[in-house]
Each structure stands twice: as structure tokens, then as C-alpha cells.
Amino acid sequence: THLHTHTHTHTHTLVMGIFGTGDLGRSLGLRLLQSGYRVVYGSRRPHSCGPVSFQVASHAEAAKEASLIFVCVHREHYEFLTTLTPHLKGKVLVDLSNNLKKGIYPEANAAYLQRLVPGADVVKGLNTLSAWALQNGLLAGKQVYLCGNSANAKQAVSEMATKLGLTVLDRGSLSAARELEDFPLRLFPEWRLPLLVAACLMGFFYFYLLIRDVIYAYVETGQDISYRIMISLANKVFPIVSLVMLSLCYLPGCIAAFLQLYRGTKYKRFPNWLDRWMLCRKQMGLVALGLALLHAIYTFIIPIRYAVRHKLISRMKNNKTTPFYFDNKEAWGTDSFYVLGILGFFLYLLLGLTSLPSVGGSLSWREFSFVQSKLGHLTLSICTAHGYIYGWNKFLRPSTYKWYTPPGYMLCLIVPSVVLVLKILLLLPCVDRSLTRIRQGWERNPPLIEVNKASSL
């Protein structure tokens, strides 16, 4: 009760200053006003800054009145703050700028600001917020970062950010400002490796199948089937790469498990390549889901293609009296192929939904682990079986190996088959028991210090 009363009083008596009347400054001021704070703007031309529904004063007057000031101007305009040094002494300055000119300035913007105004307590933070998010109130639960040399200053900014509905993460001293300034300028860093792998796989399989299907038919029989490049060829590449990407989500887990078994401990770091691989498994799975969705869409449009309709009509005209033999084995294989494809795609969607923060956050650790691990391997098994049934007995036919090369679906089954075999080995009781002990803290060769302590006892 005492803490609540103190915070309530503090909120209504604290005056927030904002240097800068641009879109970001105005949006921030509106959000602060709605949260119960009093806002005063500091401007070079307080009487000609446009329609602002707040108190607007000169920089010096705003600095005198406010105890916490947001600097919403670019680094190039920081020089005016040197004239306000007497008024900013003991005040908290929140730097919201970003490193837009990366590599030009030798020091972070916040560090430069602290050097210009040594008497103030500079806090770097809230720089990941946009004017659009502030205007539309999209702040609930959003994570922001803070860093600064003064614990009291960071505490004041943290209380204000919490009042706005933000989640605050303290990144330490002001030396981390450069890292924080680079955050908003990152372009999908977690997606680079998965997208690169997917692009390389798609390029390889596309040209591989282009040679086997289109070029082979033109060279050997003189038949031009280049029209298949648009849909038929793409509809082979998408499922192939999707299955490989899905198996690559679970392969690093198997490698890590065998590495722990080999080392006999869980306290040694994984190699950097394996660590990076494991951190982007979610993105790899989502790329695989996107390719599976494209495969489903391309499959649905097959009956309406001109080439398929032309082939069907020609076959019906040429076989008016010849009865069509019903192959029971072929019917079982075709139905099993489609059923496994539908079930695999359904589980694909289930895995994708649970990867969403709003869905995954509502699950317990055991539920999330069950979905992503148990159902994930089940999805991989079903999709792999879908590929095996597609091949059926085609691998026995010499015509399958054009120019002595295996078809694409055979190549794509190698990685998922290896992953499933490794997973089966890890599920063996003798292996699973040892791995469970290691993950619970047991070590095959404990450190010598612990051994000496145990022997002395």
C-alpha cells in the first residue's frame, strides 16, 4: 500500500521534458500525458513549432522545470545541449536516437551525449519504439532496453516505462549503448541463415530437376516440355526443400545429444556453428511450413492446368472402348500417399501455431516441449513416409535414373532418414538413461577440485 501510494504521488508530481517536437516527440508526449504525467516541450522556436497541445517552452525553461528529459533529436543537433549544462546538472537525460550513420562516429550517441553534458545522468533506452507504435498504443508487453551508469536514473526511467505498459530489460552500463543503438537497424538477423540455406537448396534442386526433366527430354527425345518449369518443377522443389528444412530443425538436437554423450557432461559449450544452428531452428521450421503451404496450393491447381486437361481429354478420346484396369495395390498406395500428406501438413500447421509467442506463452514448459519435440518428430516421420510412398517401387525401374542420376525425392529423403535413425538410437533405454543422467548434472569426469573435496571429506 505504501509503495502504491508513493508511485501514484510520484507520477502526478513528476514533470517530463521532451527536447524535440517531431513525430516521435509528439507521440511520446501524448502517451505520457495519457499515463498521468505532466509534459513540457523544449524547442528552439517555441512559438512556431506547429499545433502542439502541450506546454511548449525554450530548451532552458524546459530543462529547469523537468527532472527527466527525453532527447528526441538527431545526434547532429546535440551541440545546443552544451549551453544548457547548468540547467541539466543532476537531471536524467533519456537518449532515444539510433545509429543511423553506422561506422561514421567513433562512439555511441549516448556516450557522446554524456560527454557533452557531464553533470547529467544519461540513460540510453526506448530507442526501439516508433512514433507509429506510440500513436496507436501498441506498447503493451513490448520489451525495451535500458543502459546507463546511474542506477537511480535507470530506476526512474524503468518506472516510467512500466507505467506506459512496457517491459524493461536492463543491459548494464552506458558502454552497451552502441549495441542498443544497432538493435532497430538489424534486418532479420535470425532469418539470414535459414533463408540462405533454403535459397541454396532451392537453387540446387531446381537446376538439378531442370536438367533431369526438361533438358533430358529435349536432348533424348526432342520433346519440348519447358512449360513444366512454372508449376510442375516448382511443385517438386517446394516439398523437397520443405522436408529437408524440417529435418534440419531436429538434426542439431541429435548432434548435441551425441556430443554430450561423448563428452560425458552438459557443462561444456557447444561449438559456435552448432550453437548458431540451434538458435535458428524456429525460423527453419517456419520456412519449411511456408514451402509446405506453397506445395499444397500448387497441388490444388494441378487439375485446372491446360496441360493436364489436354492430356485427360486426349486419353478419354483414345480409350473409348478399352476398359480401365483397376489396380487395388495402386489404389492403396495413392490413398496412403494423400492421407500422409494431409496429416503431415496438419501437424505442420500445429507446430507453426505453437511457435507464435501468444500461443507458446500460454503453454507450460512440458506442453510446449511435447508439441515441439514429440509432435515435431511425428511430423517428420509422417512427411518422410509421404515421400517414401511417393517413390513406392519407382526406384526399381531403370527409367527412373535419367542420365544415371537419382530423382530429387530420393535425395531429399537422405537427411530426414538420418535424423530419424539418430532419434531412434537416442530413444534406446541404455542411451536414454545415460543422456538423462548427464542432463541432470552427472559428469563422467568431474573437475579435480570437486574430486579432492570429496576425498578429503
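Worth saying up front: this structure is predicted, and the values here are computed from it rather than measured. (Residues numbered from 1 in each chain as written. Predicted model: local features only at pLDDT ≥ 70, side-chain atom pairs only at ≥ 80, totals over all residues. Heavy atoms only, no water.)

Q: Mind showing me how you'd approach the overall build of the chain here?
A: Helix and strand counts for the chain come out as 20 helices and eight strands. Taking 23 Å as the expected radius of gyration for a compact globule of 457 residues, we find that the chain reaches 31 Å, considerably beyond that expectation. In terms of overall dimensions, the chain has C-alpha extents of about 100 × 75 × 45 Å along its principal axes. Residues counted as buried form 40% of the 457 residues belonging to the chain. For the chain, the computed accessible surface area is about 26800 Å², with 63% contributed by carbon and sulfur atoms. On the chain, the mean spot of the 48 positive side-chain charges and the mean spot of the 25 negative ones are 6 Å from each other. (Helix = DSSP H or I, 4+ residues; strand = E, 2+ residues; numbered from the N terminus. Rg over C-alpha atoms; globule rule 2.2 N^0.38 Å. Buried < 20%, exposed > 50% of the residue type's maximum accessible area, 1.4 Å probe, protein only. Areas by Shrake-Rupley, 256 points an atom, 1.4 Å probe, with all protein chains shown as cover. Lys, Arg positive; Asp, Glu negative; His and termini not counted. Charge placed at Lys NZ, Arg CZ, Asp CG, Glu CD.)

Q: Looking at this structure, how should I read the sheet that holds strand S2 (residues 38-42)?
A: Working definition: the strands of a sheet are paired by backbone hydrogen bonds and lie parallel or antiparallel to each other. With mixed pairing, the eight strands of this open sheet are ordered in space as S3-S2-S1-S4-S5-S6-S7-S8. Looking at the sheet topology across the chains shown, the edges are occupied by strand S3 (55-57) and strand S8 (167-170). Averaged over all neighbouring strand pairs, the angle between strand axes comes to 30 degrees, with direction disregarded. For strand S6 (residues 121-125) and strand S7 (residues 143-148), the ladder comprises three bridges, and the chain directions are antiparallel. (Pairing = 2+ DSSP bridges. Axes fitted to C-alpha atoms, helices over the stretch in contact; angles between N-to-C directions.)

Q: What am I meant to see in the domain arrangement of the chain here?
A: Where interface size is given, it is often the accessible area lost as the parts come together that is meant. Each assigned domain of the chain is listed here: domain 1 (15-185) and domain 2 (189-440). Between the C-alpha centres of domain 1 and domain 2 the distance comes to 49 Å. (Domains from an automatic or database assignment.)

Q: What should I look at first to understand the layout of surface pockets in this one?
A: If a probe as big as a water molecule is rolled over the atoms, it shows which places are left empty. Of the pockets and cavities examined, the second largest pocket occupies roughly 1300 Å³. As for the second largest pocket, its lining consists of 41 residues, and the residues nearest its centre are Tyr250, Arg281, Ser369, Gln372 and Ser373. Of all elements in the fold, only helix H10 (232-263), helix H11 (272-279), helix H12 (281-300), helix H14 (328-354), helix H15 (357-360), helix H16 (365-391), helix H18 (414-427) and helix H19 (429-439) reach the threshold of two or more residues within the lining of the second largest pocket. In terms of residue count, the dominant contributor to the lining of the second largest pocket is H16 (nine residues). In terms of residue class, the lining of the second largest pocket is made up of 21 nonpolar, 13 polar and seven charged. (1 Å grid on protein atoms, 1.4 Å probe; cavity = no way out; pocket = protein on both sides within 12 Å on 5 of 7 lines; lining within 4 Å. Points joined across faces, edges and corners; volume = space filled by probe spheres on them. Nonpolar A, V, L, I, M, F, W, Y, C, P; charged D, E, K, R; others polar.)

Q: How should I be thinking about the pairing of S7 in this particular structure?
A: Side chains on a regular strand alternate between the two faces of the sheet. Across the six residues of S7, five count as buried, placing the element largely inside the fold. In this structure, S7 lies alongside S8, joined through four bridges in parallel fashion. Across the sheet, residue Gln143 finds its bridge partner in S8, namely Thr167. For the handedness criterion, the β-α-β arrangement of S7, helix H7 (residues 151-163) and S8 is classed as right-handed. (Right-handed = clockwise from strand over helix to strand, strands pointing away.)

Q: Please clarify how the environment of Ala176 should be interpreted in this entry.
A: Following the sequence through the fold, Ala176 ends up in the loop between S8 and helix H8 (177-182). Placed 150 residues apart in sequence, Ala176 and Arg26 show a C-alpha to C-alpha distance of 27 Å. Aside from chain neighbours lying at most four places away, what touches Ala176 is Cys147 and Arg171. (Contact = heavy atoms within 4.5 Å.)

Q: Please clarify how the environment of Val219 should be interpreted in this entry.
A: Relative to the helices and strands, Val219 resides in helix H9 (residues 192-221). Overall, the relative accessible area of 51% leaves Val219 in the exposed class. Along the sequence, Val219 and Leu233 sit 14 residues apart, while their C-alpha atoms lie 18 Å from each other.

Q: Hey, could you run me through a nonpolar patch on the surface in this one?
A: A contiguous nonpolar patch, built from Ile211, Ile215, Tyr218, Val219 and Trp403 and spanning about 490 Å² of accessible area, is present on the exposed surface. Relative to the elements of secondary structure, Tyr218 occurs in helix H9. You can call Tyr218 exposed: its relative accessible area is 56%. (Patch = residues over 30% accessible without salt bridge, like charges linked within 9 Å, V, L, I, M, F, W, Y side chains within 5 Å. Salt bridge = Lys/Arg side-chain N within 4 Å of Asp/Glu carboxyl O.)

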